[in-house]
Amino acid sequence: MEKQEASEIFLNALQQFIGENSLEVSAQLQAASAAFTVLSLKKNEFLVKEGGICPYFCFIESGILQHAILISENEVTTYLALRHSFTTSLNSFLRREPSRKSVKAISDCRLYVVDLNAFKYLIQNNSAFHRAYYNLIEKQICLIDDYRIDLLTMTPEARYKKLLQTEPKLLQEVPLHYLSSFLGISDRHMSRIRKNIK
């Protein structure tokens, strides 16, 4: 890992969860970013393996992280974290409990990461970071709620169409088998859907 000055991309990502661009907020976000270090993961390397303790809360500057669980020896994708987003195995990171999922790079990744002690310090002492984190978690809860309802109420075709509208980058950047697993669709059915929906 290397200590580097935070990129504009990272600072802008923090800023977008604040909704305010005062000098005080900018100074606090600069101070918060100084607690993060750069971590590079090669394709197929893990941020955390299922059963391990997740060491970091991270921002993905480039690459894609797959969240997955094993069910009867089959890997099931539960979430795909794209570049310019924040992610972790949250329960494991915050509570130091074994992770119930693996988080793996499915392409080479450059991450800004912070460990739990530094993270807690920022939450308690940096009001801009605290607000950005609160707003991030609120947004994620809403997305997870929508995703679970979609799985129960929408057809596979409708879920795919919604993904086309809301996350077109996923369709361009993520291999098909990860997407079909994420959407709860078999690879064969996914291929048929893609042929029928242009």
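Summary of the structure given here. (Residues numbered from 1 in each chain as written. Predicted model: local features only at pLDDT ≥ 70, side-chain atom pairs only at ≥ 80, totals over all residues. Heavy atoms only, no water.)

On to the pattern of salt bridges, then. Scanning all chains against the criterion turns up four salt bridges. Here Glu-61 and Arg-110 are joined by a salt bridge, their closest N and O atoms 2.5 Å apart. Note that Glu-61 is positioned in strand 3 (residues 57-62) and Arg-110 in strand 8 (residues 109-114), a separation of 49 residues in sequence. With a closest N to O distance of 2.8 Å, Arg-83 and Glu-173 form a salt bridge. You can see Arg-83 sitting in the loop between strand 5 (74-81) and strand 6 (86-87) and its partner Glu-173 sitting in helix 7 (residues 168-173), a full 90 residues away along the chain. Looking at Arg-83, the relative accessible area reads 34%, which means it is partly exposed. (Salt bridge = Lys/Arg side-chain N within 4 Å of Asp/Glu carboxyl O. Helix = DSSP H or I, 4+ residues; strand = E, 2+ residues; numbered from the N terminus. Buried < 20%, exposed > 50% of the residue type's maximum accessible area, 1.4 Å probe, protein only.)

Our focus in this paragraph is the pairing of strand 8. When you tally the buried positions in strand 8, you get five out of six residues, the bulk of the element. One ladder, built from five bridges, connects strand 1 (residues 37-41) with strand 8; its direction is antiparallel. Of the residues in strand 8, the one forming a bridge with Leu-39 is Leu-111. The pairing of strand 3 with strand 8 spans five bridges and is antiparallel. For Ser-62, the partnering residue across the bridge sits in strand 8 and is Arg-110. (Pairing = 2+ DSSP bridges.)

With respect to topology, four strands assemble into an open sheet ordered 2-7-4-5, the strand pairing being antiparallel. Whereas interior strands pair on both sides, the edge strands pair on one side only; in this sheet they are strand 2 (46-48) and strand 5. Neighbour-to-neighbour, the strand axes of this sheet turn through a mean angle of 30°, independent of strand direction. With four bridges connecting them, strand 4 (residues 65-71) and strand 7 (residues 102-105) associate as antiparallel partners. For His-67, the partnering residue across the bridge sits in strand 7 and is Val-103. (Axes fitted to C-alpha atoms, helices over the stretch in contact; angles between N-to-C directions.)

With that settled, consider unusual backbone geometry. Not every positive phi belongs to a glycine, and Glu-73 is a case in point at roughly 70°. Within the fold, Glu-73 resides in the loop between strand 4 and strand 5. Of the residues examined, Glu-73 reaches a relative accessible area of 72% and is grouped as exposed. Even without glycine at this site, Arg-96 takes up a positive phi of about 55°. The partly exposed category is assigned to Arg-96, whose relative accessible area is 38%.

These results come straight from atomic positions and should not be treated as a statement about function.
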